[in-house]
Amino acid sequence: MTSNEDDHDVLSLIIILLVIVTVNNARNRHRLTKSALVHHCFSPWITLLRNADDGSFLTVTGFNRSAFTALEAVVFPEDRTATTVLAEKRGRPEILDNKGKLGLYLLYTTSRMEMKMLCLIFGIPPTTCIRYIDMMIKLVVKRLKKNAIARVFFPTTDEEKSYYASLIARREPAIQNCIGFVDGLSIPVQCCDEVIEQNKNYNGYRHDTHINNVLAFAPTGKIIYAALNYPGSWHDSQVAEGLVDIVIATIGAFCMCVDQGFPRSGELFEKFV
């Protein structure tokens, strides 16, 4: 190979790297001035909040209106004193009200929407958007951690299990004694500079970095077991080891519906079906 060919190969490699860097920078740009945004009082979020039917609201936020209102009451309780409220209102007024903050949080956590898209929907600049999201993540965790309705627990009494089984049998008469459904959920995450952490989260099946979770649902839709934030390289059967122990010890004559990613033999025969 001649020196000219070597130079040509190096130049080609540099051009490819420059293209990759340019594309990544374009994807991660967050600069939006207020002049580029609609006023927040006339934003698409306000239109959705005021005019959307229950189905459209559910499609965008993941909550119907009654559930959204219930969550708002938990995250922003109304029993605060007037003094506390006035103290919070000092200085520059808030751009988003409580409904807007909660809506922003839900769109951020239930979608893969980029920051610039959220800014366009809510009519707020990126710095304000990031500040609201950081604040809401801390606030929601703080409020729901103490809320009884938000608790995740596996049914312990035969009466509760029989009730769940009856709901399923009412819909599908051929299925008896089943109290819920189990499935895995793999969520994409950003690459990590730490080699060991990156290797743990790399999912060969999906060819990307993920975290793996296993969720069990009652027929009412309530989550009754959650194994969260396990490495993406782990199989569902490994993530579900805690649930397996609970099922073997407590499920009795009942069973749970699973897919082929979970074991169904040995001690789990006729318990995972």
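In case you missed it, the structure is sitting above this.
So, a few notes on the structure that sits alongside this text. (Residues numbered from 1 in each chain as written. Predicted model: local features only at pLDDT ≥ 70, side-chain atom pairs only at ≥ 80, totals over all residues. Heavy atoms only, no water.)

## So, the overall build of the protein chain
So, step 1. Along its length, the protein chain carries 12 helices and five strands.
So, step 2. The buried share among the 273 residues of the protein chain stands at 30%.
So, step 3. If you take every contact in the protein chain between residues at least 6 apart in sequence, the share linking residues at least 24 apart comes to 57%.
So, step 4. Accessible surface computed for the protein chain: about 17,800 Å², of which carbon and sulfur atoms make up 57%. (Helix = DSSP H or I, 4+ residues; strand = E, 2+ residues; numbered from the N terminus. Buried < 20%, exposed > 50% of the residue type's maximum accessible area, 1.4 Å probe, protein only. Contact = heavy atoms within 4.5 Å. Areas by Shrake-Rupley, 256 points an atom, 1.4 Å probe, with all protein chains shown as cover.)

## Regarding the pairing of strand S4 (residues 223–231)
So, step 1. Judged from the six bridges that link them, strand S3 (residues 208–217) and S4 form a sheet pairing that is antiparallel. Bridging from a neighbouring strand, asparagine 212 pairs with tyrosine 230 of S4.
So, step 2. In sequence, S3 turns back onto S4 through a hairpin of five residues, with glycine 221 there showing a positive phi of about 100°. (Pairing = 2+ DSSP bridges.)

## Section: the side chain of threonine 61
So, step 1. As for its placement among the helices and strands, threonine 61 is situated in helix H3 (residues 54–61).
So, step 2. At 2.8 Å, the side chain of threonine 61 forms a polar contact with the backbone oxygen of phenylalanine 57.
So, step 3. Within polar-contact distance, the side chain of threonine 61 engages the backbone oxygen of phenylalanine 63 at 3.0 Å.
So, step 4. For threonine 61, the residues in contact, after removing those within four places along its chain, are Trp45, Leu48, Leu106, Leu107 and Thr110. (Polar contact = N/O pair within 3.5 Å; in protein donor to acceptor, adjacent residues only side chain to side chain.)

## Points about the environment of leucine 48
So, step 1. Relative to the helices and strands, leucine 48 is located in helix H2 (residues 44–51).
So, step 2. For the pair leucine 48 and isoleucine 121, spaced 73 residues apart in sequence, the C-alpha to C-alpha distance is 9.9 Å.
So, step 3. Non-local contacts of leucine 48, meaning those with residues more than four positions away in its chain, are made with Ser56, Phe57, Val60, Thr61 and Arg65.

## Quick word on the nonpolar core
So, step 1. In terms of nonpolar packing, the biggest core is built from 28 residues, with Trp45, Leu102, Leu104, Cys129 and Met136 touching the most fellow members.
So, step 2. Elements represented by at least two residues in this core include exactly H2, helix H4 (65–75), helix H6 (98–109), helix H7 (115–122) and helix H8 (126–145).
So, step 3. Ranked by residue count, the leading element in this core is H8, at six residues.
So, step 4. Ignoring any residue separated from it by four or fewer positions in sequence, one finds leucine 102 in contact with Phe68, Leu71, Glu72, Phe76 and Met136.
So, step 5. One finds Tyr164, Val239, Ala240 and Leu243 within the second-largest nonpolar core, a separate group that totals 23 residues. (Core = buried A, V, L, I, M, F, W, Y, C linked by side-chain atoms within 4.5 Å.)

## Some words on unusual backbone geometry
So, step 1. Positive phi outside glycine occurs at asparagine 177, with the angle close to 65°.
So, step 2. Structurally, asparagine 177 can be placed in the loop between helix H9 (158–171) and strand S1 (178–188).
So, step 3. With a phi angle near 65°, asparagine 229 is a residue other than glycine that sits in the positive phi range.
So, step 4. Residue placement: asparagine 229 occurs in strand S4.
So, step 5. With a relative accessible area of 57%, asparagine 229 lands in the exposed category.

## Quick word on the environment of tyrosine 164
So, step 1. Among the structural elements, tyrosine 164 can be located in helix H9.
So, step 2. If we ignore the near neighbours within four places in the chain, the residues touching tyrosine 164 are Pro155, Cys178, Ile179, Ala218, Pro219 and Thr220.

## A short note on the state of the cysteines
So, step 1. Enumeration according to the criterion identifies zero disulfides in this entry.
So, step 2. With no disulfide of its own, cysteine 178 lies closest to cysteine 255 among cysteine sulfurs, the gap being 4.6 Å. (Disulfide = S-S within 2.5 Å.)

## As for the pairing of S1
So, step 1. Taken together, the two bridges between S1 and strand S5 (residues 255–257) define a ladder with parallel strand orientation. By the bridge assignment for S5, phenylalanine 181 is matched with cysteine 257.
So, step 2. One ladder, built from eight bridges, connects S1 with S3; its direction is antiparallel. Within S3, the position partnered with leucine 185 by the bridge is asparagine 213.

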